[in-house]
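# Tertiary structure, described
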Amino acid sequence: MAVPSWLAPPPPPPPPPMAVPSWLERLRAARKTALVQDGKRKIHYLFEDGKEMAEEYDIKTGQLISRKWREKNTLGGTGKWQVEVGEPTSPLLGALESELITESSSNPIFMRKDTLSSFQWRIRNLPYPKEVYSVSVEEEQRCCVIRTTNKKYYKKFSIPDLDRYHLPLDAAALSFTHANNTLIITYQKPKEILAAEEQLQKELKKIKAANSGDGDCKTQ
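Residues numbered from 1 in each chain as written. Predicted model: local features only at pLDDT ≥ 70, side-chain atom pairs only at ≥ 80, totals over all residues. Heavy atoms only, no water.

In the nomenclature of an unreviewed UniProt entry, the protein is known as Protein DPCD of Ficedula albicollis.

See below:
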């Protein structure tokens, strides 16, 4: 005889989801190598999945100067470094490099250059006045969008730091200005990012860093 549904025991609860390590936990778990050179603290991270991250900080201020990533390619070899923060690397090589750069020097150059309190992007070679530009947040797509009324420039870009910490984009944190043919976009870092960066700096300073003349870097 079938048991009435209202007498049947409730189904067991689903198993709890596996905890995803926070970004700060992943940084702590990574194998880190440190080097002090030219007034910079250089940190190399090797993660469990084989990805590599290299960062450079100003030794006096703790300001992030550059961040780049590298991972294995499809054949298992070492891929090229991809710049996230800092001056973009030129893919141009060979004898014609300087000539080619000169010819393309009028093209917009997009780069990220943070401050201690904000994420900041600079797009050089944009000669139009400030009123031509608009910068907005696309919450569903988790990106920022640059538009121009004259249809001369359009750019979408994400903020990987917010994705890593699973934080929402806030339109109120976004602002921009324009000077010297450069569009400067600023996004104020949320308090969660500021607290995490402060904690990370304390931990990075604990790594015994080699000086540039010491040979091998120190590893943690």
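### Thoughts on the overall build of the protein
When you go through the protein residue by residue, the secondary structure sums to four helices and 14 strands. Taking all contacts inside the protein whose residues are at least 6 apart in sequence as the whole, residues at least 24 apart take part in 45%. Here the protein has roughly 14500 Å² of accessible surface; of this, 55% comes from carbon and sulfur atoms. (Helix = DSSP H or I, 4+ residues; strand = E, 2+ residues; numbered from the N terminus. Contact = heavy atoms within 4.5 Å. Areas by Shrake-Rupley, 256 points an atom, 1.4 Å probe, with all protein chains shown as cover.)

### Focus on the sheet that holds strand E7 (residues 118-124)
In space, the four strands of this open sheet follow the order E6-E7-E12-E11, with antiparallel pairing throughout. Of all strands in the sheet, those with a lone pairing partner are strand E6 (109-112) and strand E11 (174-179), marking the two edges. Ignoring strand direction, the axes of neighbouring strands in this sheet form an average angle of 15°. Summarising the sheet, E7 and strand E12 (residues 182-188) pair through seven bridges and their orientation is antiparallel. Among the inter-strand pairings, Arg122 is bridged to a residue of E12, identified as Ile184. (Pairing = 2+ DSSP bridges. Axes fitted to C-alpha atoms, helices over the stretch in contact; angles between N-to-C directions.)

### Points about the pairing of E7
When you tally the buried positions in E7, you get five out of seven residues, the bulk of the element. By the bridge criterion, four bridges tie E6 to E7 in an arrangement that is antiparallel. Each residue of the ladder has a partner; that of Phe110, found in E7, is Ile123. Connecting E6 to the next strand, E7, in antiparallel fashion are five residues. (Buried < 20%, exposed > 50% of the residue type's maximum accessible area, 1.4 Å probe, protein only.)

### Quick word on the side chain of Arg41
Secondary-structure assignment places Arg41 in strand E2 (residues 40-46). No salt bridge is formed by the buried Arg41; the nearest opposite charge belongs to Asp58, separated by 9.4 Å. Once you skip the residues sitting within four places of it in the chain, Arg41 turns out to touch Leu35, Glu55, Glu56, Tyr57, Ile59, Leu204, Lys205, Ile207 and Ala209. (Lys, Arg positive; Asp, Glu negative; His and termini not counted. Salt bridge = Lys/Arg side-chain N within 4 Å of Asp/Glu carboxyl O.)

### Observations concerning the confidence of the model for the protein
For the protein, the mean per-residue pLDDT works out to 84, and 79% of the residues sit at or above 70. Confidence, expressed as mean pLDDT per element, reaches its minimum in the protein at helix H2 (residues 97-103) with 48 and its maximum at E12 with 98. Below a pLDDT of 50 lies the segment residues 92-99, which in the model reaches four contacts outside its immediate sequence neighbourhood of four places, other chains included. (pLDDT = per-residue confidence, 0-100.)

### Section: the packing of aromatic side chains
Per the counting criterion, the structure on display carries eight aromatic pairs. Measuring from ring centre to ring centre gives 5.5 Å for Phe110 and Phe157, while their planes differ by 50°; the resulting arrangement is tilted. Pair noted here: Phe110 is in strand E6 and Phe157 is in strand E10 (residues 155-157), with a separation of 47 residues, a long-range link. Note on Phe157: relative accessible area 6%, which makes it buried. With a centroid separation of 4.8 Å and 50° between ring planes, the pair formed by Trp121 and Phe157 is classed as tilted. Here Trp121 is found in strand E7, whereas its partner Phe157 is found in strand E10, with 36 residues between them in sequence. Through successive ring pairs, a cluster of aromatic residues spans Trp23, Tyr45, Phe47 and Trp69. (Phe/Tyr/Trp six-rings, centres within 6.5 Å; stacked < 30°, edge-to-face > 60°.)

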